[in-house]
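Breakdown of the fold
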Amino acid sequence: MPTYRYLGNSGLKISEITYGNWLTHGSQVENDVATACVHAALDAGISTFDTADVYANTKAEQVLGDALKGQRRESLEIFTKVYWPTGPGGPNDTGLSRKHVMESINGSLKRLGTDYVDLYQAHRYDTETPLEETMQAFADIVRQGKALYIGVSEWTADQIRAGHALAQDLGFQLISSQPQYSMLWRVIEDEVVPTSRELGLSQIVWSPMAQGVLSGKYLPGQPLPAGSRATDDKGGARMIQRFLTDDVLTRVQNLRPVADELGLSMAQLAIAWVLQNDNVAAALVGASRPEQVAENVKASGVTIPAELMARIDEILGGAVER
Ligand code: NDP
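Residues numbered from 1 in each chain as written. Predicted model: local features only at pLDDT ≥ 70, side-chain atom pairs only at ≥ 80, totals over all residues. Heavy atoms only, no water.

Focus on unusual backbone geometry
Excluding glycine, a negative phi dihedral is what most residues carry, and trans is how most peptide bonds are arranged. Which entries qualify depends on this criterion: Think of it this way: any DSSP run of H or I at least four residues long counts as a helix, any run of E at least two long counts as a strand, and we number them from the N terminus.
The backbone phi angle of T58 is positive, close to 85 degrees, even though this residue is not glycine. The topology assignment puts T58 in the loop between β4 (48–50) and α2 (59–67).

The structure is reproduced here in structure tokens:
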């Protein structure tokens, strides 16, 4: 069973291992495998699920909604996002205008088969729409009961500060930020995390396993493992490339003794590592097979001693993006 953490300064508790379905559901894996992964997550005690309207052009929301059918709604925390177009669309199908936000939430709720999402997130910052307009739309969505809480994704510290101030004026709170964060990608540590701590937001971090690379299954100079994301020609292969260098893969293999010392798999070490940061409320973990979910959830509640955290830093050295 994963441990629960509060999301920002709110009273909402979420499972610190949260299941995400980017690139998998409605795309890389068939619907029956997707459903099996969601059921494996529920069996493992995961109650928090993250998706977005743009994942597989709306199919990911549909698959998740179908897989969660029959579950007690109050026992789930369902997160989705708005920003990108979900099809060919017109000029108003992108960004965070009032029109796009108000129309998008309705489509998401329909596909997810629910009257409300627990967290509605701005998938990116919209430099073209006045922030006041976006925040007013979010305030209205909260008032209408279509979303209980509001979060953002990949916003800078300054953008978070501005959004947070407007939200307070409008009577609601921004409670979360969803950035990329892993042993190999630590860009948020200098500004986003301190600002979030100050303002009462938590991080829900994506690609904590660097899309599977930190599981140690990609070996330097060896063929890519069959069926892995790096071989997925529907988009996954392109996204993972930045981590598939000999230097990164060699350093990742050097983490194996650290995982062994803790009695963890490499995947579990990677997930446990992001959860050592107390501003991280959840590691958003994907899976292409139910067995991966069962393995990954065991990273919950693990403490990595300071001396091993320092050893990880030494091993990864210059391969880390900061
Ligand atoms: P991860 O870093 O957790 O990578 C997950 C992938 O790694 C799986 O699909 C699987 O791929 C592989 N994997 C998982 N478990 C294991 C294991 N135990 N052993 C070996 N391989 C394993 O995260 P994702 O990149 O999938 O991102 C997670 C979630 O974050 C997304 O689903 C989405 O909800 C969110 N996200 C948000 C973004 C944003 O902009 N806000 C952007 C991207 C993601 P395979 O088996 O195919 O190799």
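Picking up after the structure, the text goes on.
Overview of the site of the ligand
Spelled out, the test is: Consider each residue's heavy atoms; a residue with any of them within 4 Å of a molecule or strand counts as near. Two N or O atoms count as a polar contact when they lie within 3.5 Å, although within protein this holds only if one can serve as hydrogen donor and the other as acceptor, and sequence-adjacent residues are included solely when both atoms are side-chain atoms. Exposure was quantified through the Shrake-Rupley algorithm and a 1.4 Å probe, taking into account, for residues, occlusion by the shown protein chains and nothing else. Nonpolar residues are Ala, Val, Leu, Ile, Met, Phe, Trp, Tyr, Cys and Pro. Charged residues are Asp, Glu, Lys and Arg, and all others, Gly as well, are polar.
Around the ligand, the surrounding shell holds 34 residues, and the nearest of these are D50, S207, K217, R229 and S288. One of the backbone nitrogen or oxygen atoms of G286 is found 3.3 Å away from an oxygen atom of the ligand. Protein contacts shield 97% of the accessible area of the ligand, which totals 910 Å² for the unbound molecule. Elements that contribute at least two residues to the shell around the ligand include exactly β10 (280–285) and α11 (290–296). Per element, the largest residue contribution to the shell around the ligand is three residues, and it comes from α11. Its residues assigned to classes, the shell around the ligand comprises eleven nonpolar, 17 polar and six charged.

Quick notes on the nonpolar core
Most often, soluble globular proteins keep nonpolar side chains buried together rather than apart. Applied cut-off: Residues belong to one nonpolar core when they are buried, are Ala, Val, Leu, Ile, Met, Phe, Trp, Tyr or Cys, and are joined through side-chain atoms within 4.5 Å. Exposure is judged per residue with a 1.4 Å probe applied to protein chains only, and the accessible area is read against the type maximum: over 50% gives exposed, under 20% gives buried, and values in between give partly exposed. Residues count as neighbours in contact if any of their non-hydrogen atoms are within 4.5 Å of one another.
Counting residues in hydrophobic clusters, the biggest one holds 90 residues, and the most contacted among them are F49, Y120, L184 and V213. The element best represented in this core is helix α10 (residues 266–275), accounting for nine residues. Not counting residues within four places of it along the chain, the set of residues in contact with F49 comprises T18, Y19, V38, A41, L42, L64, L68, L76, E77, I78 and F79. In terms of nonpolar packing, the next biggest core, distinct from the first, is built from eleven residues, L7, I175, A281 and L284 among them.

Notes on helix α6 (residues 192–199)
Our working rule: The arc in question is the one spanned by the directions pointing from the helix axis to the C-beta atoms.
Restricting attention to buried positions, one finds in α6 the residues V192, V193, T195, S196 and L199. The buried residues of α6 occupy an angular sector of 165 degrees when the element is viewed end-on, so they sit on one face. For α6, the secondary structure elements touched by its buried residues are α5 (157–169), β8 (174–178) and β9 (202–206). Phi for G200, located one or two positions after α6, is positive at around 90 degrees.

Let's talk about the packing of α5 against α6
Keep this limit in mind: Fitting a line to C-alpha atoms yields each axis, with helices limited to the stretch in contact; the angle taken between N-to-C directions then spans 0 to 180 degrees. What sets the label is the angle itself: under 35 degrees gives roughly parallel, over 145 gives roughly antiparallel, 65 to 115 gives roughly perpendicular, and the rest give oblique. For any pair of crossing helices, the crossing counts as left-handed if the nearer helix is rotated counterclockwise from the farther one by less than a right angle, and right-handed if it is rotated clockwise.
Taken N-terminus to C-terminus, the directions of α5 and α6 make an angle of 20 degrees; their axes are 9 Å apart at the nearest point. With respect to α6, the element α5 is oriented roughly parallel. At the point where α5 passes α6, the crossing takes the right-handed sense. Listed contacts from α6 to A157, I160, R161 and H164 of α5 are V192, T195, S196, E198 and L199. Counted by class, the contact of α5 with α6 contains four nonpolar, three polar and two charged residues.

Thoughts on the packing of helix α1 (residues 31–43) against α2
Here α1 crosses α2 at 55 degrees, and the two axes come no closer than 9 Å. With respect to their mutual orientation, α1 and α2 come out oblique. Of the two elements, α1 crosses α2, and the hand of that crossing is right-handed. Mapping the contact onto sequence places N31, A34, T35, V38 and H39 in α1 and V63, L64 and A67 in α2. In terms of residue class, the contact of α1 with α2 is made up of five nonpolar, three polar and no charged.

Section: the side chain of H100
Relative to the helices and strands, H100 resides in helix α3 (residues 98–112). Given the relative accessible area of 5%, H100 is considered buried. A polar atom in the side chain of H100 sits 3.4 Å from the backbone oxygen of Y83. Sequence-distant contacts of H100, defined by excluding residues within four places in its chain, comprise V82, Y83, W84, N92, D93, T94 and G95.

Take it as geometry only, folks, not as evidence of what the structure does.
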